[in-house]
Amino acid sequence: MNILLIGFGGFLGAVSRYLVNEVVIKYIPTNFPTGILIVNILGCFVIGLVLGNSMISKDNLYYFFAVGFLGSFTTMSAFSYQSIELFNTNILIACSYIILTLTLTILATYMGINFSK
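Computed from a predicted structure; not experimentally measured.

Asks: So what exactly am I meant to see when it comes to the overall build of the chain here?
Replies: Counting its regular elements, the chain contains five helices and zero strands. Along the first, second and third principal axes, the C-alpha atoms of the chain reach 45 × 35 × 25 Å. Relative to its 117 residues, the chain shows a buried fraction of 23%. A separation threshold of at least 6 residues defines the contact pool for the chain, and within that pool the share at least 24 residues apart is 57%. Carbon and sulfur atoms make up 73% of the accessible area of the chain, which totals about 8,100 Å².

Written as structure tokens, this is what we have:
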């Protein structure tokens, strides 16, 4: 059942990400990726609200909304939440995780683009 909840939430999150991005592109024409920035900020704020207050238990709503919808709407929400959890236990590991994630994911994207040419 959890897989179905995550899948349906993921479907809605991906569609929502696309729609928000398209609306922003339409009304705020710029070369800067404003739509995705807004999606990431909004997703991180919402996951902070949800996981910070009400969704500590892993029930159906957690799998549908936190894992499925928000996980698909923006992966930055999961990254941000994990970073804060690490900050609460070990600042050095948290900083290492953030630096490694940003550096290695950008490098991997660059390598993927170059390998595909």
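Asks: I would appreciate a short explanation of the nonpolar core in the present structure.
Replies: One broad trend across soluble globular proteins is that nonpolar side chains are buried collectively. Within the largest apolar cluster, eleven residues are counted, these being Leu-5, Val-39, Ile-47, Val-50, Leu-51, Tyr-62, Tyr-63, Ala-66, Phe-69, Leu-70 and Phe-73. Examining the composition of this core, we find that six residues originate from one element, helix α3 (residues 60-73), more than from any other.

Asks: What is the right way to look at a nonpolar patch on the surface in this model?
Replies: A grouping of Leu-100, Leu-104, Leu-107, Tyr-110, Met-111 and Phe-115 is seen on the molecular surface, where their side chains present a nonpolar patch of about 660 Å² in accessible area. Looking at the secondary structure, you find Leu-104 in helix α5 (residues 91-116). For Leu-104, a relative accessible area of 46% puts it in the partly exposed group.

Asks: What should I look at first to understand helix α1 (residues 2-27) in this one?
Replies: An α-helical turn contains 3.6 residues, so any two residues separated by three or four positions project in the same direction. Here α1 spans 37 Å end to end across 26 residues, near enough to the 38 Å set by a 1.5 Å rise per residue. Here α1 has its buried residues at Leu-5, Gly-9, Gly-10, Gly-13, Asn-21 and Val-24.

Asks: What should I look at first to understand the packing of aromatic side chains in this one?
Replies: Within a pair of aromatic rings, the relevant descriptors are the distance that separates the centres and the angle that separates the planes. Tallied over the entire structure, the rule returns five aromatic pairs. Where Phe-65 meets Phe-69, the ring centres are 5.6 Å apart and the plane angle is 5°; that geometry is what we call stacked. A residue pair is termed a helical-turn pair when its members lie 3 or 4 positions apart in one helix, as Phe-65 and Phe-69 do in helix α3 at four residues. We classify Phe-65 as partly exposed; its relative accessible area is 22%. Each residue in the set Phe-65, Phe-69 and Phe-73 is aromatic and connected to the rest through ring pairs, giving one cluster.

Asks: Looking at this model, I keep getting lost on helix α4 (residues 75-89). Mind explaining?
Replies: The end-to-end C-alpha separation of α4 is 22 Å, in line with the 21 Å expected for 15 residues at 1.5 Å each. All buried positions along α4 are accounted for by Ser-77, Phe-79 and Ser-83. Projection of α4 onto a plane perpendicular to its axis shows the buried side chains occupying an angular sector of 165°, all on one side. Turned more than 90 degrees away from the buried face of α4, the exposed residues are Asn-88 and Thr-89. Measuring from the side-chain oxygen of the N-cap residue of α4 to the backbone nitrogen of Met-76 gives 3.0 Å; that N-cap residue is Thr-74.

Asks: Can you walk me through the packing of α1 against α3 in this structure?
Replies: For any two helices packed against each other, one specifies the inter-axial angle together with the distance between the axes. Closest axis-to-axis distance for the α1/α3 pair is 6 Å, and the angle between their directions is 35°. Crossing geometry of α1 relative to α3 is assigned as right-handed. On the side of α1, the interface is formed by Asn-2, Leu-5, Ile-6, Phe-8, Gly-9, Gly-10, Leu-12, Gly-13, Ala-14, Ser-16, Arg-17 and Val-20, while α3 contributes Asn-60, Tyr-63, Phe-64, Val-67, Gly-68, Phe-69, Ser-72 and Phe-73.

About the thresholds
Residues numbered from 1 in each chain as written. Predicted model: local features only at pLDDT ≥ 70, side-chain atom pairs only at ≥ 80, totals over all residues. Heavy atoms only, no water. Helix = DSSP H or I, 4+ residues; strand = E, 2+ residues; numbered from the N terminus. Buried < 20%, exposed > 50% of the residue type's maximum accessible area, 1.4 Å probe, protein only. Contact = heavy atoms within 4.5 Å. Areas by Shrake-Rupley, 256 points an atom, 1.4 Å probe, with all protein chains shown as cover. Core = buried A, V, L, I, M, F, W, Y, C linked by side-chain atoms within 4.5 Å. Patch = residues over 30% accessible without salt bridge, like charges linked within 9 Å, V, L, I, M, F, W, Y side chains within 5 Å. Salt bridge = Lys/Arg side-chain N within 4 Å of Asp/Glu carboxyl O. Expected span 1.5 Å × (residues − 1). Phe/Tyr/Trp six-rings, centres within 6.5 Å; stacked < 30°, edge-to-face > 60°. Arc of directions from axis to C-beta. Polar contact = N/O pair within 3.5 Å; in protein donor to acceptor, adjacent residues only side chain to side chain. Axes fitted to C-alpha atoms, helices over the stretch in contact; angles between N-to-C directions. Left-handed = near helix turned anticlockwise from the far one by under 90°.

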